[in-house]
Amino acid sequence: KGANLKRSDFSGSELTDVSFEAARLHDATLDDAVMSKAKLSGAVLSDASLKRVNCGQCKLDRADLTRAVLEFSDFTGANLAGASFIKANLLGVSFKDATVSGADFRGAVLDSVDFTGAVGVADARFDQASSPLGRR
């Protein structure tokens, strides 16, 4: 808990059910990682690369993903309440059935993002997001 993993490379890693709560993963690379059910509550993932990550049922509540690149990642059923996605690249991301209450998507790229069944979309912030009308 609270580990400093700044600039670490976990590309392609199997991280199912791992606990990185409050970890500092600033500028880390997690491309193609399998992180189902991972616990990342309060983690700092600003400027991190999480392309094509499987993060189904992850706990990312209160996580900081400011400016992170999350292209084509899957957050189905994840808890993202209060998470910050400010200026993040969320191209093609799935937030199906995820909890996004209080999440901050200001200035994020939301092209082809899927919020089907997501809880709390009305409570999330989308000011200056690239594709606010494209939300489903």
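Residues numbered from 1 in each chain as written. Predicted model: local features only at pLDDT ≥ 70, side-chain atom pairs only at ≥ 80, totals over all residues. Heavy atoms only, no water.

**Comments concerning the overall build of the protein**
- Each helix and strand in the protein was counted, giving zero helices and zero strands.
- Radius of gyration (C-alpha) of the protein: 13 Å, near the 14 Å computed for a compact globule of 136 residues.
- Each principal axis of the C-alpha atoms in the protein carries an extent, and together these give about 35 × 20 × 20 Å.
- Each of the 136 residues in the protein was classed as buried or not, and the buried ones make up 46%.
- In the protein, which carries 17 positive and 18 negative side-chain charges, the distance between the mean positions of the two groups comes to 4 Å. (Helix = DSSP H or I, 4+ residues; strand = E, 2+ residues; numbered from the N terminus. Rg over C-alpha atoms; globule rule 2.2 N^0.38 Å. Buried < 20%, exposed > 50% of the residue type's maximum accessible area, 1.4 Å probe, protein only. Lys, Arg positive; Asp, Glu negative; His and termini not counted. Charge placed at Lys NZ, Arg CZ, Asp CG, Glu CD.)

**Topic: the pattern of salt bridges**
- Counted by the stated rule, this structure contains eight salt bridges.
- Ionic pairing is found between Asp 104 and Arg 106, a salt bridge with its closest N-O pair at 2.6 Å.
- Using a relative accessible area of 11% as the deciding quantity, one classes Asp 104 as buried.
- Note on Arg 106: relative accessible area 30%, which makes it partly exposed. (Salt bridge = Lys/Arg side-chain N within 4 Å of Asp/Glu carboxyl O.)

**Side note on the side chain of Ser 8**
- Overall, the relative accessible area of 17% leaves Ser 8 in the buried class.
- For Ser 8, the side chain forms a polar contact with the main-chain oxygen of Leu 5, separated by 2.7 Å. (Polar contact = N/O pair within 3.5 Å; in protein donor to acceptor, adjacent residues only side chain to side chain.)

**Regarding the environment of Thr 99**
- Residue class for Thr 99 comes out partly exposed when judged on its relative accessible area of 27%.
- For Thr 99, the contacting residues outside a window of four places in its chain are Ala 78, Asn 79, Leu 80, Ala 81 and Val 119. (Contact = heavy atoms within 4.5 Å.)

**Some thoughts on the environment of Leu 5**
- Among the residues examined, Leu 5 registers a relative accessible area of 19% and is labelled buried.
- The sequence separation of Leu 5 and Val 93 amounts to 88 residues, and the corresponding C-alpha distance is 24 Å.
- In this structure, Leu 5 is in contact with Phe 10, Phe 20, Ala 23, Arg 24, Leu 25 and Ala 28, ignoring residues within four places of it in sequence.

**Points about the confidence of the model for the protein**
- For the protein, the mean per-residue pLDDT works out to 94, and 96% of the residues sit at or above 70.
- Below a pLDDT of 50 lies the segment residues 132-136, which in the model reaches eight contacts outside its immediate sequence neighbourhood of four places, other chains included. (pLDDT = per-residue confidence, 0-100.)

**What about the nonpolar core?**
- With 46 residues, the main nonpolar core has Leu 90, Phe 95 and Phe 105 as its most contacted residues.
- Those residues in contact with Phe 95, other than ones at most four positions away along the chain, are Phe 75, Leu 80, Phe 85, Leu 90, Phe 105, Val 113, Asp 114, Phe 115, Thr 116 and Ala 118. (Core = buried A, V, L, I, M, F, W, Y, C linked by side-chain atoms within 4.5 Å.)

**A few points about the packing of aromatic side chains**
- Evaluation of the coordinates by the stated rule reveals nine aromatic pairs.
- When the centroid spacing of 5.7 Å and the interplanar angle of 70° are considered together, the rings of Phe 85 and Phe 95 count as edge-to-face. Taken as a pair, Phe 85 and Phe 95 share a single burial class, namely buried. (Phe/Tyr/Trp six-rings, centres within 6.5 Å; stacked < 30°, edge-to-face > 60°.)

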